[in-house]
Amino acid sequence: MPKVYAMIANGTEEVECLAVVDVLRRAGAEVTLVSIENDRTVTSSHGVKIVADAASDAVDLTDCDALFVPGGMPGSSRLAAYKPLVSAIGALLEKGKRVAAICAAPSVVLGANGFLRGKNAVCFPGFEDGMSGANVQAGARVVTDGNITTARGLGCAIELGLELVGLLFDAKTANALAAKIQF
């Protein structure tokens, strides 16, 4: 069973995060919601309180098959400023592990830290300037290039989750889950 860490901070967009987590868990992935805050309870970008499964200092962020970074502001900025996360992303990519981001996070977290150079990627419209060195796929909803998957925004969250299921499991599992959830 694939092991996935889903990162969360104060200001994270709650539906982007939890929709992807839900889809991955339905497929059978072992998903841990990890808070970078001092408290496991975070307040989302729309005031929803979410209790993470673990605090980041209790988890080895490189001990997973995939790491997911949701968007939302100021959550994406808080995640981008969290040095252990940025280091873990670099280490995971070096190991060939999967990294995914949605909405502002592809730009603010991945692009700003140089992880998208030469990669096809997408982000929320208006954040393209932060996609340092990426081949921005205007109009695309979800883009996978190598071991990096990016998605445009909230309306693409289920699609991103299903893409990750296909990559971490297989297309048959993703298609069966898509049918089951009426996607």
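So, here is what we can say about the structure in this document.

What counts and how
Residues numbered from 1 in each chain as written. Predicted model: local features only at pLDDT ≥ 70, side-chain atom pairs only at ≥ 80, totals over all residues. Heavy atoms only, no water. Helix = DSSP H or I, 4+ residues; strand = E, 2+ residues; numbered from the N terminus. Rg over C-alpha atoms; globule rule 2.2 N^0.38 Å. Buried < 20%, exposed > 50% of the residue type's maximum accessible area, 1.4 Å probe, protein only. Contact = heavy atoms within 4.5 Å. Areas by Shrake-Rupley, 256 points an atom, 1.4 Å probe, with all protein chains shown as cover. Lys, Arg positive; Asp, Glu negative; His and termini not counted. Charge placed at Lys NZ, Arg CZ, Asp CG, Glu CD. Expected span 1.5 Å × (residues − 1). Pairing = 2+ DSSP bridges. Axes fitted to C-alpha atoms, helices over the stretch in contact; angles between N-to-C directions. Parallel < 35°, antiparallel > 145°, perpendicular 65-115°, else oblique. Nonpolar A, V, L, I, M, F, W, Y, C, P; charged D, E, K, R; others polar.

1. With respect to the overall build of the protein
From N to C terminus, the protein includes six helices and 11 strands. Here the protein has a C-alpha radius of gyration of 15 Å; the compact-globule value for 183 residues is 16 Å, and the two agree. Summarising its shape, the C-alpha atoms of the protein cover approximately 40 × 35 × 35 Å along the three principal directions. Buried residues in the protein amount to 55% of all 183 residues. Within the protein, counting contacts between residues at least 6 apart in sequence, those at least 24 apart form 63% of the total. For the protein, the accessible surface area stands at approximately 7,700 Å², while carbon and sulfur atoms represent 49% of it. Charge separation in the protein, taken as the distance between the mean sites of 16 positive and 19 negative side-chain charges, equals 2 Å.

2. Some details on helix α5 (residues 157-168)
Between its first and last C-alpha, α5 extends 16 Å over 12 residues, near the 16 Å set by a 1.5 Å rise per residue. Taken as a whole, α5 has its buried residues at Ala157, Leu160, Gly161, Leu162, Leu164, Val165 and Leu168.

3. Some words on the sheet that holds strand β11 (residues 148-151)
Taken in spatial order, the seven strands of this open sheet run β5-β2-β1-β6-β7-β11-β10, and their pairing is mixed. Each having just a single partner strand, β5 (54-55) and β10 (142-145) make up the two edges of the open sheet. Alignment of strand β7 (residues 98-102) against β11, held across four bridges, turns out to be parallel. Among the inter-strand pairings, Ala100 is bridged to a residue of β11, identified as Thr149. The strands touched by helix α3 (residues 83-94) are β1 (3-8), β6 (66-69), β7 and β11; relative to β6, the strand with the most contacts, the crossing angle is about 140°. Sheet strands in contact with α5 are β1, β6, β7, β10 and β11, and its direction is about 175° off that of β7.

4. A few points about the packing of α5 against helix α6 (residues 171-180)
Axis separation between α5 and α6 bottoms out at 6 Å; the angle between their running directions is 150°. In terms of their interaxial angle, α5 and α6 are classed as roughly antiparallel. Note on element contacts: α6 touches α5 through Ala171, Thr173, Ala174, Leu177 and Ala178, opposite Leu162, Val165 and Gly166. Among the residues forming the contact of α5 with α6, the class breakdown is six nonpolar, two polar and no charged.

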